[in-house]
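An overview of the molecular structure
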Amino acid sequence: MQKKIILFASGNGSNVEEICRFFQQDPNILVAGVYTNNPHAGVIQRLKPFGLEARIFNKSEFSNGGLLKEISDLEPDLLVLAGFLWKIGGDWVAKFPKKIINIHPALLPKYGGKGMYGNHVHQAVKANREKESGITIHFVNEAYDEGAIIIQKKTPLLESDTESQIAEKVHQLEHRYFPITIAELLKSEGA
Ligand code: GAR
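A brief report on the enclosed structure follows. (Residues numbered from 1 in each chain as written. Predicted model: local features only at pLDDT ≥ 70, side-chain atom pairs only at ≥ 80, totals over all residues. Heavy atoms only, no water.)

1. Details of the overall build of the chain
Broken down by element type, the chain carries seven helices and seven strands. By the compact-globule yardstick of 16 Å for 191 residues, the chain fits well, its C-alpha radius of gyration being 16 Å. Its C-alpha atoms give the chain principal-axis dimensions of about 50 × 35 × 35 Å. For the chain, the residues scored as buried account for 47% of the 191 residues in total. Taking the intrachain contacts of the chain between residues at least 6 apart in sequence as the baseline, contacts between residues at least 24 apart amount to 68%. When the accessible area of the chain is evaluated, it comes to approximately 9800 Å², of which 52% is carbon and sulfur surface. Computing the positive centroid from 22 side-chain charges and the negative centroid from 22, the chain places the two 2 Å apart. (Helix = DSSP H or I, 4+ residues; strand = E, 2+ residues; numbered from the N terminus. Rg over C-alpha atoms; globule rule 2.2 N^0.38 Å. Buried < 20%, exposed > 50% of the residue type's maximum accessible area, 1.4 Å probe, protein only. Contact = heavy atoms within 4.5 Å. Areas by Shrake-Rupley, 256 points an atom, 1.4 Å probe, with all protein chains shown as cover. Lys, Arg positive; Asp, Glu negative; His and termini not counted. Charge placed at Lys NZ, Arg CZ, Asp CG, Glu CD.)

Next up, the structure:
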């Protein structure tokens, strides 16, 4: 049976693009929707080659149950947060238990929580002179970045790495491992 995934992004959308590319030729997995809270997000343009259009939503739809109903009606097997920056409410977690996953650009539990996203994370990693960073893919619960971890992958850092070089190393890991982790989850009983 074909599985359906829904993607959420707030910005550039390079992860969304990789996920769309990965599943483009897969008859078993359908990207059934891409949702963004940001009408200026780069992800909107990135969808064009895939024949997909982003659904732009606002804060009230997100929190008043309207969007939750719209997405529930699509009967998705997995919701994927790929650079999505709004906090997922308890009503979403209750509706989709163990069916919402997030990617975080660091090795949680370090560098997680409110305000820790995108380059803020890499800045903090650099400031602390970490010898490594990486990615965490985890289930989403009511607390920011605290849901059960699915996988982590590490990359070594050099003292000389700039913040953008750290970001680049982390993005490489994300692009390599996020799509295959989604595929594996959908194959398992978890999704
Ligand atoms: C990714 O690095 C992702 O891990 C991060 O935002 C970036 C989005 O990049 N997510 C968070 O920081 C969530 N706390 P992209 O828009 O190019 O996919």
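2. Some thoughts on the sheet that holds strand 2 (residues 29-36)
Here seven strands make up an open sheet; going across it, the order is 3-2-1-4-5-6-7 and the pairing mixed. Since the sheet does not close on itself, it has two edges, and those belong to strand 3 (54-56) and strand 7 (149-156), each with one partner. Within the sheet, the average angular offset between the axes of one strand and its neighbour, ignoring direction, is 20°. The sheet contact formed by strand 5 (residues 100-104) and strand 6 (residues 132-139) spans four bridges and is antiparallel. Each bridged residue has a counterpart across the sheet, and for asparagine 102 the counterpart in strand 6 is histidine 138. Its contacts with the sheet place helix 1 (residues 14-23) against strand 1 (3-9), strand 2 and strand 4 (78-81), and it is angled at close to 160° to strand 1. (Pairing = 2+ DSSP bridges. Axes fitted to C-alpha atoms, helices over the stretch in contact; angles between N-to-C directions.)

3. Some remarks on the pattern of salt bridges
All told, the structure shown has ten salt bridges when counted by the stated rule. Residue lysine 110 pairs with glutamate 130 through a salt bridge whose shortest N-O separation is 2.9 Å. Here lysine 110 is found in the loop between strand 5 and helix 6 (118-127), whereas its partner glutamate 130 is found in the loop between helix 6 and strand 6, with 20 residues between them in sequence. Connected via shared salt-bridge partners are Glu17, Glu18, Arg21 and Arg46. (Salt bridge = Lys/Arg side-chain N within 4 Å of Asp/Glu carboxyl O.)

4. Thoughts on the site of the ligand
Around the ligand there are 13 residues in total, and Gly13, Ser14, Asn15, Gly118 and Glu174 lie nearest to it. A distance of 2.9 Å is found between an oxygen atom of the ligand and a backbone nitrogen or oxygen belonging to glycine 118. Protein contacts shield 91% of the accessible area of the ligand, which totals 450 Å² for the unbound molecule. Class assignment for the residues of the shell around the ligand results in four nonpolar, eight polar and one charged. (Near = heavy atom within 4 Å. Polar contact = N/O pair within 3.5 Å; in protein donor to acceptor, adjacent residues only side chain to side chain. Nonpolar A, V, L, I, M, F, W, Y, C, P; charged D, E, K, R; others polar.)

5. Let's talk about the pairing of strand 4
The alternating pattern of strand 4 places Leu78 and Val80 on one face and Leu79 and Leu81 on the opposite face, and all of these are buried. Here strand 1 runs beside strand 4; their pairing, made up of four bridges, is parallel. Considered in strand 4, the bridge of phenylalanine 8 is made with leucine 81. Pairing between strand 4 and strand 5: three bridges, direction parallel.

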